[in-house]
Amino acid sequence: MNKEKIFRQLSLLNKYLKELNSLKNIPFDEFEENSITRAAAERLLQVAIETVQNIGNHIIASRGYRNPKDYADIFRVLEEEKILPHDFSESLQQMAKFRNRLVHIYWDIDIKKVYDIIQNNLEDFERFAQIILEEMVKEN
């Protein structure tokens, strides 16, 4: 595993999370009305999810685990390899599916869902980062 690459990705993830956390205090009405804020939130969520996927893919490739079938399957593989607990893997799979909506069905994004994720699910990114850091320590 290229730890330097993982640390760079985790650093980017931390940056995206700081920016997303700065949006938490915006009331929903303001969030919904401001197209620039909405676009920034959607993009930040997209790149944060992609960063988590990139880290997962790197671990899978470097350790020779089975190839994931799709983005959500990255987290199934990590679960199979006992890196992620089942319930958390399920949450990350849903996150990957949401990323696909952000990228491929961008004209029909539920802004309430984006706002809800920012309000209630950013800790999932932090939990993933902590699990990866613990996994890197095990490799020493």
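Quick look at the structure, then. (Residues numbered from 1 in each chain as written. Predicted model: local features only at pLDDT ≥ 70, side-chain atom pairs only at ≥ 80, totals over all residues. Heavy atoms only, no water.)

## What about helix α5 (residues 86-104)?
An α-helix turns once every 3.6 residues. As a result, residues three or four positions apart point the same way. The line we're drawing: Secondary structure follows DSSP: runs of H or I at least 4 residues long count as helices, runs of E at least 2 residues long count as strands, and numbering of each begins at the N terminus. Take the number of residues in a helix, subtract one, and multiply by 1.5 Å to get its expected span. What makes two residues a contact is simply this: any of their non-hydrogen atoms within 4.5 Å.
Compared with the 27 Å implied by 1.5 Å per residue over 19 residues, the 27 Å span of α5 between its first and last C-alpha is a close match. Check the buried side of α5 and you find it contacts α3 (35-63), α4 (71-80), α6 (111-120) and α7 (122-138).

## Focus: the pattern of salt bridges
Selection criterion: Here, a salt bridge means any Lys or Arg side-chain nitrogen found within 4 Å of an Asp or Glu carboxyl oxygen. Burial classes: relative accessible area under 20% of the type maximum marks a residue as buried, over 50% as exposed, and values in between as partly exposed (1.4 Å probe, protein chains only).
Taken as a whole and judged by the stated rule, the model has 9 salt bridges. For glutamate 80, the salt bridge is made with arginine 66, and the minimal N-O distance between the two is 2.9 Å. Of the two residues, glutamate 80 sits in helix α4 while arginine 66 sits in the loop between α3 and α4, which places them 14 residues apart along the sequence. Residues lysine 138 and glutamate 135 are paired through a salt bridge, measuring 3.5 Å at the closest nitrogen-oxygen approach. Of this pair, lysine 138 and glutamate 135 both sit in helix α7, 3 residues apart, which is roughly one turn of the helix. Of the residues examined, glutamate 135 reaches a relative accessible area of 9% and is grouped as buried. Here the residues in one salt-bridge network are Arg66, Asp70, Asp73, Arg76 and Glu80, joined through shared partners.

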